[in-house]
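Survey of secondary and tertiary structure
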Amino acid sequence: MVMAKSKRSYQKKSPELVKEEIEKLTAGMEERISNHFHSPEQLKEYLDFMGKFYRYSPRNTALIESQFQGAEAVGSYAFWKEKGFPVNKGEKSIKILVPNRLGEQFQNNEGEWMPLKKATKQEKQQVKDGQLDKRDGRLVFSTGNVFDISQTSATQKDLPQIFPNKWIDGEVEHYSQLRKGMEAIAGKNNIRIVEPYEELGAAKGVSYTERGEVALNPRNSERQDAKTLLHELTHAKLHTKDNFNTYSKPEKEFQAEMTAYTVASYFNIDTSDYSLGYLHNWTKGHEFKDHESLLQEVQVTAKEFIVTIEESLEQEKEGEKTMSLNEAKEEMEDKQEREGVTTEKLSKMYRSQVSRPKEEKLEKDYSHQDFKDAFKKEVMNFFEPIVGKVLDKEENNDLKERLRKIRVFQDTQSKEEVYQLKKDSLKELKEIPLTGRGEKRLSRIENKLEREFHEETGKDSTSSEVKDGKGNKGDFQLKEKQKEKVEIER
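Here's a quick rundown of the structure. (Residues numbered from 1 in each chain as written. Predicted model: local features only at pLDDT ≥ 70, side-chain atom pairs only at ≥ 80, totals over all residues. Heavy atoms only, no water.)

1. Quick notes on the pattern of salt bridges
The final tally for this structure, using the stated rule, is 23 salt bridges. We note a salt bridge from E91 to R219, for which the minimum N-O separation is 2.8 Å. Here E91, found in the loop between α4 (77–83) and β3 (94–101), pairs with R219, found in the loop between β11 (213–216) and α7 (222–238); they are 128 residues apart in sequence, far enough to count as distant. Among the salt bridges present, the one from R404 reaches E401, with a minimum N-O distance of 3.0 Å. Of this pair, R404 and E401 both sit in helix α14 (residues 399–412), 3 residues apart, which is roughly one turn of that helix. Classification of E401 as partly exposed rests on a relative accessible area of 30%. (Salt bridge = Lys/Arg side-chain N within 4 Å of Asp/Glu carboxyl O. Helix = DSSP H or I, 4+ residues; strand = E, 2+ residues; numbered from the N terminus. Buried < 20%, exposed > 50% of the residue type's maximum accessible area, 1.4 Å probe, protein only.)

2. Overview of the sheet that holds β11
Across the sheet, which stays open at both edges, the 4 strands sit in the order β9-β11-β10-β12 with mixed pairing between neighbours. At either end of the open sheet lies a strand with only one pairing partner, and these are β9 (192–194) and β12 (486–489). Pairs of neighbouring strands in the sheet enclose a mean axial angle of 20°, with direction left out of account. Two elements, strand β10 (residues 205–208) and β11, share 4 bridges in a ladder whose sense is antiparallel. Residue pairing across strands places Y208 opposite E213, the latter belonging to β11. (Pairing = 2+ DSSP bridges. Axes fitted to C-alpha atoms, helices over the stretch in contact; angles between N-to-C directions.)

3. Considering the packing of aromatic side chains
Given two aromatic rings, their pairing is described by the distance between the two centres and the angle made by the two planes. Enumeration according to the criterion identifies 14 aromatic pairs in this entry. Centroid distance F371 to F375: 6.3 Å. Interplanar angle 15°. Geometry classified as stacked. Here F375 and F371 lie together in helix α12 (residues 368–383), a separation of 4 residues that amounts to about one turn. Ring pairing ties together the aromatic residues F49, F53, F79, W80 and F163, which thus form one cluster. Here the basic side chain of R135 rests over the ring of W113, its NZ or CZ set 4.1 Å away from the ring centre. (Phe/Tyr/Trp six-rings, centres within 6.5 Å; stacked < 30°, edge-to-face > 60°. Lys NZ or Arg CZ within 6 Å of the ring centre and 35° of its normal.)

4. Some remarks on the sheet that holds strand β2 (residues 74–75)
If you walk across this open sheet you meet the 3 strands as β2-β7-β3, and the pairing is antiparallel. The open sheet is flanked by β2 and β3, the only strands paired with a single partner. Relative to strand β7 (residues 139–148), β3 runs antiparallel, the two sharing 8 bridges. From the neighbouring strand, I96 faces β7, where its bridge partner is G144.

5. Observations regarding helix α8 (residues 249–266)
Here α8 contains 18 residues, and its C-alpha end-to-end distance of 26 Å stays within 8% of the 26 Å for a straight helix at 1.5 Å per residue. Counting buried residues along α8, 17 of its 18 residues qualify, which places the element largely inside the surrounding structure. (Expected span 1.5 Å × (residues − 1).)

6. So, the pairing of β7
Pairing between β2 and β7: 2 bridges, direction antiparallel. Across the sheet, residue V74 finds its bridge partner in β7, namely D148.

Note that all results are geometric; they support no functional claim without further evidence.
See below:
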């Protein structure tokens with residue numbers, strides 16, 4: 001697995017050094033773009049690869065694109081399984097029309113058209129002799145199910161080098177810290193990171209220009225997420241609803257991808273294998289009105305992003321130092337206490353709070369009780385990590401999916417409702433005989449919940465956003481209108 005490593009020390013560089021490195025990165029990429037070409041061998045590999053896929057009619061091609069934007073290589077569930085790339089769990093199929101020719105028909109002596117297979121021996125002979133008319137069966141259509149290659153287990157290395165907009169595989173060391181840095185960029189620029197409002201298909205992310213929001217494709221790897229979030233944040237910062245039409249599409253994509261590549265590279269996340277092809281496709285054959293000005297905006301934006309991320313990383317580093325000192329002290333105090341409150345006892349009490357019978361499956365979207373259970377699991381993983389992580393492993397729980405559903409629930413419910421559910425959850429967790437460390441951390445979480453709720457409700461009293469089809473009709477229609485201007489990374 002590819003591991004993109006970020007800097008371990010997080011030592012901030014001087015503004016002069018940052019500027020110098022940014023200029024070096026952008027100049028280097030521009031030179032590589034101008035020299036980029038596809039060899040005959042690469043083209044042959046791509047054509048051979050695409051030749052394995054069934055060619056759909058224009059009608060089905062349009063139908064596929066309407067359900068899954070950017071679909072390139074499409075096949076049935078059985079097709080992908082046979083190729084060794086099974087469809088990923090939870091993927092929704094793309095519907096297509098499958099033509100079926102009914103059996104031949106004949107016209108009997110009463111003038112009725114009947115299936116030839118139901119003809120008597122005498123009637124079949126009359127058809128053969130031409131005494132009774134015969135015709136081909138009618139063409140009827142049924143619904144079939146197919147999946148795009150991005151919905152399968154196929155990875156970057158399984159695709160031809162020039163496969164259009166192939167995704168980036170791999171994890172990122174210290175991803176959670178870098179993600180917080182990128183969230184700080186969003187916060188400084190009044191940009192919201194949300195779940196996508198629609199199926200993104202093969203697109204890696206989207207910027208909802210009218211709303212000042214960005215979203216990522218849940219299929220992305222960590223490395224893809226890091227690069228794409230920087231790409232979409234650049235769109236949201238530079239290409240706002242006020243100047244959306246000032247830039248051409250190639251100019252906007254050039255700026256977004258150059259900024260993403262530059263910032264990612266600065267933190268030692270190599271995206272050149274993806275960014276080079278992406279930039280080449282958007283710049284070849286296009287003349288920019290003021291290339292120097294576009295590049296200047298890239299460099300200024302990249303510097304701002306880098307400084308913000310480094311400030312966030314420094315704060316995280318200081319916080320970890322303080323936390324580690326406190327934890328060391330608490331661990332010493334905990335040793336004796338744990339003799340009376342064992343891990344087994346905690347697990348038993350915890351199970352009674354949040355575990356469900358295996359046959360009881362969660363709905364696609366969290367109910368209030370689902371949210372409380374998920375929130376309690378996250379809290380337990382924070383102040384009693386041994387218990388929480390063991391339980392997650394035993395029950396085969398997907399941490400990322402739980403966090404995603406928690407975010408969706410929080411974004412689709414009112415702040416007051418989420419606050420009350422969290423309050424109730426913390427109250428129920430108090431019933432567990434916690435260790436001294438657990439009690440302190442629970443108290444810390446309660447205080448933070450109260451503080452954040454009162455700060456948010458004081459600043460923002462707006463109703464909850466419409467997400468995943470929820471909310472009233474008027475809000476949903478407004479959202480649909482506001483989605484007209486979007487920037488999608490394909």
